[in-house]
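Coordinates in review
For reference, the chains in residue letters:
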Amino acid sequence: QSEFEQILDQSAGYGLFIMAITQKIADMPSSIIANSGLVFAGRLKRTDDINVVVRTPTRYERDLARWANRMWLFKSSSFEDYTPRKGFKCGEYLK
């Protein structure tokens, strides 16, 4: 663990927050990125940086977005009863 990671770990224990600014987000330790509450990404040029910032949404996130984006469905049924695929109900996520 680097000194920077140790500082972040110890400061979180005291309720402190640290703002980190970098031009190469892919070079930051993954533990720091994973514990970041907010990542602001400007213009990304390096492929490594793009791969760190942009991720593929999980199947749960896609199903929840599809359900919430259909206003008529959102108002008429619960997420638990929504069937995004044949033979699958979103209630399985909540078990």
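Please read all numbers here as calculations on a predicted model, not as lab measurements.

What follows is about the overall build of the protein chain. When helices and strands are counted, the protein chain shows 5 helices and 0 strands. Going from the N terminus to the C terminus, the protein chain shows its helices and strands as α-α-α-α-α. Expected size for 95 residues packed as a compact globule is a radius of gyration near 12 Å; at 19 Å, the protein chain overshoots this value by more than 25%. Each of the three principal axes of the protein chain carries a C-alpha extent, and together these read 50 × 35 × 20 Å. Buried positions account for 15% of the 95 residues belonging to the protein chain. In the protein chain, of all internal contacts separated by at least 6 residues, the share reaching a separation of at least 24 is 26%. As presented, the protein chain carries roughly 8,000 Å² of accessible surface, and 55% of it is formed by carbon and sulfur atoms. Taken together, the 14 basic and 11 acidic charged side chains of the protein chain have centroids lying 12 Å from each other.

Once that is clear, we can look at the confidence of the model for the protein chain. Chain-level statistics for the protein chain give a pLDDT mean of 85 and a share of 99% at 70 or above. Across the protein chain, the secondary-structure element scoring lowest on mean pLDDT is helix H5 (residues 71-76), at 75, and the one scoring highest is helix H3 (residues 47-53), at 89.

Let us now look at the side chain of Asp63. Note that Asp63 resides in helix H4 (residues 59-69). Relative accessible area serves as the criterion here: at 0%, Asp63 is assigned to the buried category. A polar contact of 2.6 Å, which involves the side chain of Asp63, links it to the side chain of Tyr93. When residues no more than four places from it in sequence are discounted, the contact partners of Asp63 are Phe79, Tyr82, Pro84, Arg85, Phe88, Cys90 and Tyr93.

So, how was this worked out
- Residues numbered from 1 in each chain as written.
- Predicted model: local features only at pLDDT ≥ 70, side-chain atom pairs only at ≥ 80, totals over all residues.
- Heavy atoms only, no water.
- Helix = DSSP H or I, 4+ residues; strand = E, 2+ residues; numbered from the N terminus.
- Rg over C-alpha atoms; globule rule 2.2 N^0.38 Å.
- Buried < 20%, exposed > 50% of the residue type's maximum accessible area, 1.4 Å probe, protein only.
- Contact = heavy atoms within 4.5 Å.
- Areas by Shrake-Rupley, 256 points an atom, 1.4 Å probe, with all protein chains shown as cover.
- Lys, Arg positive; Asp, Glu negative; His and termini not counted.
- Charge placed at Lys NZ, Arg CZ, Asp CG, Glu CD.
- pLDDT = per-residue confidence, 0-100.
- Polar contact = N/O pair within 3.5 Å; in protein donor to acceptor, adjacent residues only side chain to side chain.

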